[in-house]
Amino acid sequence: MPVNNNIITIAAIIITYIYASIPFGVIIGKLLKGVDIRETGSGNIGTSNAFRALGPVGGGIVFLMDSLKGFLPVFLVYVLPLFENKPIIQIILGTAAIIGHNYSVFLKFKGGKGIATSFGVALGINWYIALICLALWGLIVLITRISSLASIMAAISFPVCMYLFRQPTAFFVFSILACILAIYAHRANIKRLLSGTELKMSTKEKKNVTPNK
């Protein structure tokens with residue numbers, strides 16, 4: 001890879017990380033409701049807690065903005081003639097987006113759990129697999145009202161679908177990495193699921209858990 005392309009790639013990684021670090025959940029919560037969603041429900045800045053704290057409109061906006069964190073970098077790599085070996089660059093920037101959302105430089109390296117951002121990346125590299133994962137997430141939420149369970153199952157289904165649909169090796173490896181990051185981010189949720197104390201999406205209460213711990 002030429003030196004100039006290396007510089008562009010490094011710059012793209014840094015820009016993607018900083019962009020994905022923007023805590024849209026916190027910003028939109030304060031703009032729409034005058035609340036800090038870190039102080040309600042699960043205390044998380046992502047989509048599920050945004051729906052819980054801000055309602056369908058606020059939650060939908062947060063989902064859109066967090067999804068774009070993953071989609072835009074991957075899509076721009078695809079359409080712009082700046083990069084060689086596009087699939088590799090796409091997964092590098094997709095990973096940078098998830099890490100930026102989960103470990104935001106603006107929130108002392110705390111953040112969300114990366115599900116909406118991972119969906120955005122998946123949408124950018126294979127739209128129908130992304131929609132399958134989203135449909136599974138929606139079905140589990142509809143049945144259980146537990147977003148964390150739906151998110152974990154959707155994350156697991158991501159590499160399964162990549163394998164079944166015989167996607168490029170780079171995308172399959174990325175899907176495994178995204179699944180691992182999602183499950184790690186949900187480790188506290190898994191403990192609460194096992195103990196039967198996990199919050200449901202309709203639950204509104206003061207912050208009672210520590211996010212990402």
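Residues numbered from 1 in each chain as written. Predicted model: local features only at pLDDT ≥ 70, side-chain atom pairs only at ≥ 80, totals over all residues. Heavy atoms only, no water.

A. Geometry of the packing of helix α2 (residues 24-32) against helix α3 (residues 47-79). The contact between α2 and α3 brings their axes to 9 Å, and the two run at 150 degrees. Judged by the angle between their axes, α2 and α3 are roughly antiparallel. Viewed along their axes, α2 and α3 form a crossing whose handedness is right-handed. Facing Phe24, Gly25, Ile28, Gly29 and Leu32 of α2, the residues of α3 in contact are Leu54, Gly58, Ile61, Val62, Met65, Asp66 and Lys69. Considered class by class, the residues forming the contact of α2 with α3 number seven nonpolar, three polar and two charged. (Axes fitted to C-alpha atoms, helices over the stretch in contact; angles between N-to-C directions. Helix = DSSP H or I, 4+ residues; strand = E, 2+ residues; numbered from the N terminus. Parallel < 35°, antiparallel > 145°, perpendicular 65-115°, else oblique. Left-handed = near helix turned anticlockwise from the far one by under 90°. Contact = heavy atoms within 4.5 Å. Nonpolar A, V, L, I, M, F, W, Y, C, P; charged D, E, K, R; others polar.)

B. Representation of the pattern of salt bridges. Throughout the structure, instances matching the rule amount to three salt bridges. For the salt bridge of Arg38 with Asp36, the shortest nitrogen-to-oxygen distance reads 2.8 Å. Arg38 sits in the partly exposed class, given a relative accessible area of 26%. Lys69 is the partner of Asp66 in a salt bridge, and the nearest nitrogen-oxygen pair spans 3.3 Å. Within this pair, Asp66 and its partner Lys69 are both found in helix α3, separated by three residues, close to a single helical turn. Residue Asp66 is classed as buried on the basis of its relative accessible area of 1%. (Salt bridge = Lys/Arg side-chain N within 4 Å of Asp/Glu carboxyl O. Buried < 20%, exposed > 50% of the residue type's maximum accessible area, 1.4 Å probe, protein only.)

C. Seen up close, the packing of helix α7 (residues 147-164) against helix α9 (residues 187-195). Orientation of α7 relative to α9, taken along the N-to-C sense of each, is 120 degrees, at an axis distance of 10 Å. Of the possible angle classes, the one that applies to α7 and α9 is oblique. α7 and α9 meet at a crossing whose hand is left-handed. Two secondary-structure elements touch here, α7 through Ser148, Leu149 and Ile152 and α9 through Asn189, Ile190 and Leu193. Considering only residue class, the contact of α7 with α9 consists of four nonpolar, two polar and no charged.

D. Structural view of unusual backbone geometry. Within the chain, Asn85 stands out as a residue other than glycine whose phi angle is a positive 50 degrees. If you trace the backbone, Asn85 turns up in the loop between α3 and α4 (86-102). Even without being a glycine, Arg166 presents a positive backbone phi close to 55 degrees. Residue classification places Arg166 among the exposed residues on the basis of a relative accessible area of 76%.

E. Looking closely at α7. With 18 residues, α7 extends 25 Å between its outermost C-alpha atoms, agreeing within 8% with the 26 Å of an ideal straight helix rising 1.5 Å per residue. Packed against the buried residues of α7 are α3, α5 (115-125), α6 (127-144), α8 (169-185) and α9. Downstream of α7 by a residue or two, Arg166 has a phi angle that is positive, lying close to 55 degrees. (Expected span 1.5 Å × (residues − 1).)

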